[in-house]
Amino acid sequence: MTTLITGGSKCGKSSYAEKMLEQFHGRKIYIATMQPFGEDAFEAIKRHRKMRAGKGFETVEKYTDIHESSLPENCAVLLECLGNLCANEMFSDCAVSDPADKIVNGIKQLADSVSELVIVTNQVGSDGITYTDGTADYIRVLGCINRRIAEFADNVIECVYGIPIVLKGEKIW
């Protein structure tokens, strides 16, 4: 089963994603996509590790090339988050011409190889602000990735102020 969780900043997406996998009785893998650049990033990573402590997750850091993930059979995966993965693919030294295809195809491979896949992403493109070309391109690509994953996901859930709202499928937990 594949679940996409979206929402704004600090809206409870990560907590909800972790709660979804509390009852999973196999191996739980947390794929972290945030490359640590600067003190703020290290603090965020530290905060997320503390949140996951004692919940049975094994952390795998994978900043790009999600399609190369080698995971144990019948495991559950929490991928956090598509926004970071998209930025890493778009702005790395090895950027590809179509990061959306690369990421979506990689996510489909993950979905086919695990028992449960929970993906955290960010709501983008709805604030009405005009951005620089690079940022506008990032918003366009991440929006495309979110839309394409939502098409094949079993569940799509938006977190609003900590409240999960089912957009597709069913609420889990």
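This text gives an overview of the structure that appears in the document. (Residues numbered from 1 in each chain as written. Predicted model: local features only at pLDDT ≥ 70, side-chain atom pairs only at ≥ 80, totals over all residues. Heavy atoms only, no water.)

A short note on the environment of Thr59
Looking at where Thr59 falls in the secondary structure, it is placed in strand β3 (residues 57–61). With 18 residues separating them along the chain, Thr59 and Val77 place their C-alpha atoms 9.8 Å apart. Setting aside anything within four residues of it in sequence, one finds Thr59 in contact with Tyr30, Ala32 and Arg52. A polar atom in the side chain of Thr59 sits 3.1 Å from the side chain of Arg52. (Helix = DSSP H or I, 4+ residues; strand = E, 2+ residues; numbered from the N terminus. Contact = heavy atoms within 4.5 Å. Polar contact = N/O pair within 3.5 Å; in protein donor to acceptor, adjacent residues only side chain to side chain.)

Re the packing of helix α3 (residues 82–91) against helix α4 (residues 99–113)
Viewed as axis vectors pointing N to C, α3 and α4 meet at an angle of 135 degrees, and their least axial separation amounts to 10 Å. Put simply, α3 runs oblique to α4. Handedness of the α3/α4 crossing: right-handed. Here α3 contributes Leu82, Leu85, Cys86, Glu89 and Met90 to the contact with α4, which in turn contributes Pro99, Lys102, Ile103 and Ile107. Considered class by class, the residues forming the contact of α3 with α4 number seven nonpolar, no polar and two charged. (Axes fitted to C-alpha atoms, helices over the stretch in contact; angles between N-to-C directions. Parallel < 35°, antiparallel > 145°, perpendicular 65-115°, else oblique. Left-handed = near helix turned anticlockwise from the far one by under 90°. Nonpolar A, V, L, I, M, F, W, Y, C, P; charged D, E, K, R; others polar.)

Things to note about the pairing of strand β7 (residues 163–168)
Along any regular strand the residues' side chains alternate between the sheet's two faces. Strand direction decides the pairing type here: strand β6 (residues 155–160) and β7, joined by five bridges, are antiparallel. Bridge pairing in β7 links Cys159 to Pro164. Counting the residues that bridge the hairpin from β6 to β7 gives two residues, and of these Tyr161 lies at a positive phi of roughly 50 degrees. (Pairing = 2+ DSSP bridges.)

Side note on α4
Counted at 1.5 Å a residue, the expected span for α4 with its 15 residues is 21 Å, and the 21 Å between its end C-alpha atoms agrees. Taken residue by residue, α4 has Pro99, Ala100, Lys102, Ile103, Val104, Gly106, Ile107, Leu110 and Ala111 as its buried positions. (Expected span 1.5 Å × (residues − 1). Buried < 20%, exposed > 50% of the residue type's maximum accessible area, 1.4 Å probe, protein only.)

Describing the sheet that holds β3
If you walk across this open sheet you meet the seven strands as β3-β2-β4-β5-β1-β6-β7, and the pairing is mixed. Looking at the sheet topology across the chains shown, the edges are occupied by β3 and β7. The mean inter-strand angle of the sheet, taken between neighbouring strand axes irrespective of direction, is 20 degrees. Packing against the sheet, helix α5 (residues 133–152) makes contact with β1 (2–7), β5 (116–120), β6 and β7, and its axis sits at approximately 140 degrees to β1.

Things to note about the side chain of Asn146
Among the secondary structure elements, Asn146 is positioned in helix α5. Setting aside chain neighbours within four positions, we find Asn146 in contact with Leu4, Leu82, Thr121, Asn122 and Val124.

Digging into the side chain of Ser14
By the element assignment, Ser14 lies in helix α1 (residues 13–20). Excluding residues that lie within four positions of it along the chain, Ser14 makes contacts with His48, Met51 and Glu80.

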